[in-house]
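Each chain, letter by letter, is given below.
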Amino acid sequence: MARWGMVVDLDMCTGCGACIAACKEENNVAYVSPEEAEKGRAISWMQMVNFVEGEFPNVHIKYMPRPCMHCDNPPCIKVCPVHATFKDEEGIVGQIYERCIGCRYCMSACPYTVKYFNWFEPEWTESTIASMNPDVSLRKKGVVEKCTFCHHRLQKARDKARAKGMEVVDGDYTTACADTCPTQAISFGDLDDPNSNTARLSKSKRAFRMLEDLGTEPKVFYLSEGEKNV
Amino acid sequence: MFDATDYEDFPLIEPIENTGKAFYRTVVVLVAVIVFALFMYVRQLRIGLGVTGLNEPVAWGFYIVNFVFFIGISHAGTLISAILRLSKAEWRRPITRMAEVITAIVLAIGGLHPILDLGRPDRMMNIFQSGRLQSPLLWDVTSITAYFTASTVYLYLPLIPDIAILRDRGTKPKWLYEFLSWNWKGTEYQKKVLERAISILMVMVIPIAISVHTVISYIFSMTLQPGWHSTIFGPYFVVGAIFSGIAALLIVMIAFRKVFHLEGYLKEIHFSYLSILLLIMSLLWFYFTFSEYLTGYFGHEPYEMKVFWYKFAGEYAPYFWTMIFCNFLFPLIILSNKRTRKIPGILAASCGVVVGMWLERLIIVVPSLTNPRLPYPQGVYIPSLTEWSLFAGALSVFVLGFVLFAKFFPVISIWEVREGRERAVREVTERIESYLPTPHGAKSG
Amino acid sequence: MVMNKKNIFIMQIISLSLIWIFVAGISVWILNLLNLSLELSDVPSATIAISLVAIPVFVTIAIVLTYVFVGLQRGNSQDR
Amino acid sequence: MIKRREFLKYVGLGGAGVLGSGWLLEKVLSDSDVQSLNAVSLTKPAVESWVTSICQQCPGGCGIKVRLVDRRPVKIDGSPLYPINRGTLCPAGHSGLQVLYNPDRLTSPLRRVGTRGENKWEPISWDEALLLVQKKLSELREKHLSHELVFMDGDSRGLMSTLIRRFMEAYGSPNHLRTNLNAHSAVSLMQGGSGEIAYDLSNANYVLSFGFDFLEAEGSPIWLARMYGQLRQRANRTRARIVQVDTRYSITAAKADKWVPVNPGTEGAFALGIAYVIVQEELYDKEFIAKNTFGFNDWTDTKGVKHAGFTTLVMREYYPEAVSRITGVPIEDIIRVARGFGQERPSIALSGKGATSYSNGFWNEAAIHALNALVGNVGKPGGVVPQPEPPFTPQADIIHDEISKKGLSRRKISEAGLYTNEFPAQVLFLYHINPVFEFSNTKKIIDVIQKIPFIVSFSSFVDETSEYADVILPDHTYLEKWQDDTEVPGIGFPHVGIRKPVVDPLHNTRHTGDVLIRLAHALGGTVSTSFGHSDFLSLMKHSFRKMYESGSGSVVSEEFEESMMIYLEKRGWKVERAASFDEFWGQLVEKGGWVAAPRYPTSLPDMFQTSSGKFEFYLHSLKEKSQNKDDQLLLPHYEPPEFIGFENDYPLYFKIYDTNTLFGGTGANQEMLLEMVGHRFYQRWDSWVEINPETAADLGINHDELVSIESSSGRIEARAKLFPGAMPDVISMPVGLGHTSYGRFAKNRGVNPNEIIAEKFDSVSKTAVKFSTRVRVHKV
């Protein structure tokens, strides 16, 4: 059984935001009005987080794309009162939109703030309706949603593999963000597969995880930036 | 039907039998507020939780704050009355009933608050079909239900003899008192049964009450969030709850004393004793607050410190320092001084404590959410009109609940007061004698 | 509203049984969740611990109420 | 807000709603909004297909792969076959369907019925519209004023550019104004040719970028980002060093190893300071300098006049102390960067908008490019390489009649001419350009545009300039039309991308190429006979025949397969290809493009098409253009930049920049791009201005507060972002928001900094430059 994970090489990431856009398009993520976005209600399963350090001229900004960490020990699942958020046997933390009661406990519990709530009924404009991805279910008002590691792609890959009588293996499927990353800073694969490039990278000396000391065991790894010396 | 003893306690029965205009006026005002709140809530149901000031990352706001606050107030009652009964404090007699009523009403209000907060209340049945008892939220559901059941029963049982008095007087609606009096005739056996039941309940209710607020604190402390993840939260919440409960009880007592002219029952001494209890709780509360923040500060964990400074010197500083003033400095000054420990002073201090404790809940819930570990999203929380109106609605339900209770039942336990008159002095004398040191040479035992 | 004693007694019995139904409902609910957690192997230990405390509490409350009701009825007739 | 009827409903439901059963709540909650989604029929089984094409959200020229479900496009991804982006894509690329399905698209030709700028239109038929335009054009030719037709063109390259040029020449006007050209005017004078160059970044070891924000929105962003990735983490390679010299902490600066903030417009001086150290420490490529450059040392011309060389000038003027004084960069930084640049070869110096958008931009670029010559890194892997063009079948010669000959002999008007009141245009064509939004000092532009008697816009949307048009002939969006995409700036190998309709046109729009051909045919005479093809597609087919016949290159394919082909080709193998042109065309259309191996010049004189046949430090051609220039004024030198607004009144420099979402404003009609426009500043749907925290403190400005920015040309308001990456005396703003038209999403969102930018032009090349404005900022 694969254990899906992601490695983001921060040395190659340029913070361009392609992953954000690809994710929104792929997963039918709704747009909120500008006024609502201003209130902090925009939904972006993939988000670019910046860490600004220092003062002029010795300033440094670190850009970190932040999907759901798909923790092996997820704080969000522990608190869900209705099994709406769960971890499947391949380690993907999912959300059952049809069961979620909208208590937002998981949002409060997630240290990575990756969970998003539908404060209103999503308003779909003509263009978003026309370009809906039929593979991904739509969320209604009052439920929590989050990154699923493009779970629908896994399902497709699994169908394909089963047709051939095989299991899904590393490389059979990838997420929309990893797919589109211009510098290929994001790699996605099976962390348990010794031949997987992703697994190899996750064991790199440069590898670390976000808020690692919380013990949430995220399956999204980051590779630190190279040393800056000129 | 005229009864000398009834005449003695007529001030307690009078408001039930003679309904004044003031009653209707109050009810109309309160119902108006409640209807408006209902309208706002239905609007929220239709449009979505977006009508609140909540956002990403401040997923919880007024509803959860008020939930914790109201459940906290509920500790006034049953817990205090159970403790006082258990410790055989004689001055409890005119107090317990009001305390118990507060509990029952406020628990119902507080228990509904998480439902106001749900994005999909229509799916609440999911909790029954496929709930997970691993979630602290369900611990709450269980323990609040248990507490509500226990405290309602605990309110009802001591009410039975009083209902029987009203039944015997023929107070209308007769069927209600007939139905509720459970055939009480005041026989010795009945008294024994009732007393036994009450003593079982009062022993049971104390751990349940403590569990309720502990479990509520667990909602927060079980997460990894800075400012929440603290082992002290259980007792801290319980202390805060009793603290705010006593304050609420004092306010209610002062209000009824004034409105129903109960000066003969609620005497200065009652207020004085209770306010000393309030003072002790204030000190205890301060001790917990101090420990909570000192450990956070001493550890100096960066995320913890972000929340810490947000409260101490940041956006929430005005609320934080108001809370310290209302919950500690103000009651300390007023209640430790004999001259100010009079009813107006006590009322002021109690109001201060209720406000302060509400602020405390706000300060616990919101700042941890507005300061998530990652630099984005950053939170700002400004409650909306909907949230304010539902808050007002909840307060109105509380007052309305009390007004209606007082319309049908005596707010001071008549039979306990009578029992006090009849037996207390003798019993207390005997009891005190029993603890007095035996003089040398006399037979012990 | 006119109510004879018999009707009132029936209503009292009904309300008391409602309490029992309520308590039984809660117990069934908790047992259902226990079953669910065992089925999904979703931390059954926590569920067992909670059910061990919660169910007896509710049952005790119901027993106390019943005890009082029965006691008051009996005490009443004995005295006469 | 809720309506009255709803209000009553709530009151009715009020009592029951709260305490009511889940059933009732379900009734209350299930809104018709949700049901309307069923129209999309998300549950039915659907047929999935993929079509390749070329993106046109920016000039980057990436290959795309559009996912269609039941022939309805639902997602755009990068085409893995296309060599520029290899399956990857930027945010704007992903939001392409929001252009296709945009609710504000024009659905038919429009004729203006209101006054100009009033935005009132009536739909008319194509025949009517074309007749209207044709009449105007005929009139102009009859009056022998054909040169007063001005064609402003902000997109064209490849065959569309050829077609427009052809149309204009046949018609008889020299005024085909192209504004999107990556004009490396200094480079073209130093090494000859068109000046179109590419940087072979992936093979460089030391990248010294002067205001070339290559990770944001310059050149072909994805290509450059991919090159950046290769500079960082690739097997068997050391990590290259990147130094970003810029007046703003851009994303490129953030990802560089070092950010060197320089005073605005002094990038050239910094480059010369580096040259000083390199010459002083003899770190330059002596062989290359001796063989392939001219004007490095002092020289004597044929008349025996002595001329100072580049070294003499540099050693005399640009010693570190002097450069440090000009640029504000500490001396040790100059020396350290210079040593790194000189030693860690191949090293490459890039010049971008950040260095050239000043009045001295030409000389900044010359000084920067001189560095490439110093380290001998021109025409080699890891250096500056020529930008080759694919082989196209030439078209038949244009036949001129008297009118067009006369018209073409008139002087071509420049961009600067726009700001004079004598802008000689009777008819203006607008194609992929929006001057009222994009150009400096937009107020003046409106004045000029107002006076043009007849304006035709080919825009798919009503944008700010189109509001002044008389007729709008809406073009297809890029997902509905045939077009080639070649000459993508900065790609070092010949390539052709095939943009093809992924879906039949959704509305009654027409390909502008077809429209021009039809207009030409309608005009008759020599204008008509110059156009042998009936439509743009047949022109494309015709032009591509040579690509097939030449036998070079191959249809794009998977990366491995392609590198194999290139390997074989380099060794003289004939790569197997299609048996006929039709088969070749079929493959081309299916795969989405054609690519050939990069061509490094076999000998450097091939590359240097200058009068001396060498790389020129001394700009001969500039001397030819303007006589009697002092020697040192013809060598790369530092000329202080000129700014508009006195320092006392306007103490801050105003800098603007493109984002990789809005690309100058074209992306502003898409929700996706507006929502993520400022994702690095956590700002959505609005403009911001970057201010140094200390400067802000002096001005009493807090984070996110609204501030007013005022220049001599105007005043705008934007929210301040206190940003330690802003230089104390420079404030920066993104361009692209602040539309007053351009559809529901774009309209009235943010502000347009172009409104307050004073018009200023490069002292040599005369192109418009935008960083020459000073402003003052205060709290609103």
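Keep in mind that this is a model prediction, so the values were computed, not measured.

Cut-offs and rules
- Residues numbered from 1 in each chain as written.
- Chains lettered and ligands numbered in written order.
- Predicted model: local features only at pLDDT ≥ 70, side-chain atom pairs only at ≥ 80, totals over all residues.
- Heavy atoms only, no water.
- Contact = heavy atoms within 4.5 Å.
- Buried area = accessible area lost by both parts, 1.4 Å probe.
- Salt bridge = Lys/Arg side-chain N within 4 Å of Asp/Glu carboxyl O.
- Pairing = 2+ DSSP bridges.
- Helix = DSSP H or I, 4+ residues; strand = E, 2+ residues; numbered from the N terminus.
- Axes fitted to C-alpha atoms, helices over the stretch in contact; angles between N-to-C directions.
- Polar contact = N/O pair within 3.5 Å; in protein donor to acceptor, adjacent residues only side chain to side chain.
- Nonpolar A, V, L, I, M, F, W, Y, C, P; charged D, E, K, R; others polar.
- Parallel < 35°, antiparallel > 145°, perpendicular 65-115°, else oblique.
- Left-handed = near helix turned anticlockwise from the far one by under 90°.
- Buried < 20%, exposed > 50% of the residue type's maximum accessible area, 1.4 Å probe, protein only.
- Arc of directions from axis to C-beta.
- Patch = residues over 30% accessible without salt bridge, like charges linked within 9 Å, V, L, I, M, F, W, Y side chains within 5 Å.
- Areas by Shrake-Rupley, 256 points an atom, 1.4 Å probe, with all protein chains shown as cover.
- Core = buried A, V, L, I, M, F, W, Y, C linked by side-chain atoms within 4.5 Å.
- pLDDT = per-residue confidence, 0-100.
- Phe/Tyr/Trp six-rings, centres within 6.5 Å; stacked < 30°, edge-to-face > 60°.
- Lys NZ or Arg CZ within 6 Å of the ring centre and 35° of its normal.

Here we come to the interface of chain B and chain A. Counting from both sides, the interface comprises 45 residues of chain B and, opposite them, 46 residues of chain A. At the boundary of chain B with chain A, total buried surface from both sides reaches about 3700 Å², with 57% on carbon and sulfur atoms. When the buried area of chain B at its contact with chain A is split by residue, Glu56(B), Arg132(B) and Leu374(B) rank highest and sum to 19% of it. Applying the counting rule to chain B against chain A returns two salt bridges. Linking Arg123(B) and Glu98(A) is a salt bridge whose minimum nitrogen-to-oxygen distance equals 3.7 Å.

Residues and elements named next belong to chain D. Spatially, four strands are ordered β11-β10-β9-β15 in an open sheet, and the strand pairing comes out parallel. Sheet topology places β11 (258-261) and β15 (347-351) at the edges, where each strand pairs with a single neighbour. With direction set aside, neighbouring strand axes in the sheet form an average angle of 15 degrees. By the bridge criterion, five bridges tie strand β9 (residues 206-210) to strand β10 (residues 241-246) in an arrangement that is parallel. What sits directly across from Ser209, in β10, is Gln244. Against the sheet, helix α11 (residues 267-280) makes contact with β9, β10 and β11, and its axis sits at roughly 150 degrees relative to β9, the strand it touches most.

Bringing the interface of chain D and chain A into the picture now. If you look at the interface, chain D gives 72 residues, while chain A gives 70 residues. A combined buried area of about 5800 Å² lies between chain D and chain A, and 56% of that area is made up of carbon and sulfur atoms. At the surface where chain D touches chain A, the tally comes to eight salt bridges. One salt bridge in this structure joins Arg239(D) and Asp11(A), with 2.6 Å as the shortest N-O distance. Where chain D packs against chain A, one counts 23 residue pairs in polar contact (both at pLDDT 80 or more). Looking at the side of chain D that touches chain A, the element that brings in the most residues is helix α9 (residues 221-232) of chain D, giving six residues. Partitioning the side of chain D that touches chain A into residue classes produces 37 nonpolar, 12 polar and 23 charged.

Further remarks concern the packing of helix α15 (residues 317-335) of chain B against helix α16 (residues 343-370) of chain B. Residues and elements named next belong to chain B. Two elements in contact, α15 and α16, have axes separated by 8 Å at closest approach and are oriented at 155 degrees. If you check the angle between α15 and α16, you find them roughly antiparallel. In this structure, α15 crosses over α16, and the sense of that crossing is left-handed. Along its contact with α15, which presents Tyr319, Phe320, Thr322, Met323, Cys326, Asn327, Phe330, Pro331, Ile334 and Leu335, the element α16 presents Gly345, Ile346, Ala348, Ala349, Gly352, Val353, Gly356, Met357, Leu359, Glu360 and Ile363. Split by residue class, the contact of α15 with α16 holds 15 nonpolar, five polar and one charged.

Right, let's talk about the side chain of Asn377(D) for a bit. Residues and elements named next belong to chain D. Tracing the sequence through the fold places Asn377 in the loop between α17 (361-374) and β16 (384-386). Among the polar contacts listed, one links the side chain of Asn377 to the backbone nitrogen of Gly383, at a separation of 3.5 Å. Apart from residues no more than four positions distant in its own chain, Asn377 is found in contact with Pro346, Ser347, Ile348, Asn372, Gly382, Gly383 and Val384.

Among the structural elements, Gln98(D) can be located in helix α5 (residues 97-100). Relative accessible area serves as the criterion here: at 3%, Gln98(D) is assigned to the buried category. Discounting residues that sit within four places of it in the chain, Gln98(D) has contacts with Glu25(A), Tyr31(A), Ser127(A), Thr128(A), Gln670(D), Glu671(D) and Met672(D).

Residues and elements named next belong to chain D. Residues of helix α20 (residues 442-451) that are buried: Thr442, Ile445, Val448 and Ile449. For α20, the arc enclosing every buried residue in end-on projection is 115 degrees, short of the 170-degree limit, so these residues lie on one face. Relative to its buried face, α20 has exposed residues pointing more than 90 degrees away, namely Lys443 and Lys451. Those residues of α20 hidden inside the fold are in contact with β17 (427-431), α19 (435-438) and β18 (454-457).

Here we come to the arrangement of the chains. Counting contacts across all five pairs of chains found in contact, the highest total belongs to chains A and D. Separated in space, chain C and chain D share no contact, their closest pair of C-alpha atoms being 17 Å apart.

All names here are of chain D. Summarising burial for β15: five of the five residues are buried, a large majority. Of the two faces of β15, the one holding Ser347, Ala349 and Ser351 and the one holding Ile348 and Leu350 are both buried throughout. Note: β9 against β15, five bridges, orientation parallel. Across the sheet, Leu208 pairs through a bridge with Ala349, a residue of β15.

This part takes up a nonpolar patch on the surface. A cluster of nonpolar side chains, namely Phe290(B), Leu294(B), Tyr297(B), Phe298(B) and Trp309(B), defines an oily patch on the protein surface of about 580 Å² accessible area. Relative to the elements of secondary structure, Leu294(B) occurs in helix α13 (residues 268-299).

Our next topic: unusual backbone geometry. The omega torsion across Tyr376(B) and Pro377(B) is 5 degrees, close enough to zero to call that bond cis. Omega for the bond connecting Arg345(D) with Pro346(D) falls within 30 degrees of zero, at -5 degrees, which places this linkage in the cis form. Within the fold, Pro346(D) resides in the loop between α15 (331-343) and β15. Even without a glycine there, the phi angle at Lys88(B) is positive, about 55 degrees. The backbone of His432(D) shows a phi angle near 55 degrees, a positive value even though the residue is not glycine.

Let's shift gears to the environment of Phe402(B). Residue and element names in this part refer to chain B. Residue placement: Phe402 occurs in helix α17 (residues 385-408). By relative accessible area, Phe402 is classed as buried at 4%. For the pair Phe402 and Met323, spaced 79 residues apart in the sequence, the C-alpha separation amounts to 27 Å. Among residues more than four places away in sequence, those in contact with Phe402 are Met98, Val101, Ile102, Ile105, Val252 and Phe256.

Here we come to the pattern of salt bridges. For side chains bearing opposite charge, pairing can occur when the charged atoms are close. Inspection of every chain in the model, using the stated rule, returns 77 salt bridges over all chains. One salt-bridge network, held together by shared partners, links Arg3(A), Asp72(A), Lys87(A), Asp192(A) and Lys219(A).

This paragraph deals with the sheet that holds strand β20 (residues 483-486) of chain D. Residue and element names in this part refer to chain D. Strands sit in the order β20-β21-β23-β22 across an open sheet of four strands; the sheet is antiparallel. The open sheet is flanked by β20 and β22 (554-555), the only strands paired with a single partner. By the bridge criterion, three bridges tie strand β21 (residues 495-499) to strand β23 (residues 593-595) in an arrangement that is antiparallel. Bridging across to β23, Gly497 finds its partner in Gly593.

This brings us to the nonpolar core. Across soluble globular proteins, nonpolar side chains show a tendency to be buried alongside one another. Trp60(B), Leu157(B), Phe220(B) and Leu249(B) are the most contacted members of the largest nonpolar core, which has 317 residues in total. Per-element tally for this core: the top contributor is helix α12 (residues 233-259) of chain B, with 16 residues. Those residues within four positions of Leu157(B) in sequence are excluded, and the remaining contacts are Leu194(B), Ala197(B), Ile198(B), Leu201(B), Val64(C), Leu65(C) and Val68(C). In terms of nonpolar packing, the next biggest core, distinct from the first, is built from 60 residues, Phe294(D), Phe296(D), Phe362(D) and Leu635(D) among them.

This part takes up the confidence of the model for chain B. Considering every residue of chain B, the mean pLDDT works out to 91; 98% of them sit at 70 or more. At the low end of the mean pLDDT range in chain B sits helix α1 (residues 4-8) of chain B, at 66; at the high end sits α15(B), at 96.

Now for the environment of Leu699(D). Residues and elements named next belong to chain D. One can find Leu699 in helix α29 (residues 693-699). Residue classification places Leu699 among the partly exposed residues on the basis of a relative accessible area of 35%. Along the backbone, Leu699 and Lys779 are 80 residues apart, and their C-alpha atoms lie at a distance of 7.6 Å.

Before going further, it helps to examine the packing of aromatic side chains. Here the structure, examined in full by the defined rule, presents 94 aromatic pairs over all chains. With 5.7 Å between their ring centres and 75 degrees between their planes, Phe56(A) and Trp259(D) make a pair best called edge-to-face. Of this pair, Phe56(A) sits in the loop between β2 (47-53) and β3 (60-66) while Trp259(D) sits in strand β11, each in a different chain. Its relative accessible area of 26% is what places Phe56(A) among the partly exposed residues. Put simply, the rings of Tyr105(A), Trp60(B), Phe220(B), Trp228(B), Phe233(B), Tyr236(B), Phe237(B), Tyr287(B) and Phe288(B) touch in pairs and so form one group of aromatic residues. It is Arg680(D) that lies over the ring of Tyr63(A); its NZ or CZ is 5.8 Å from the centre.

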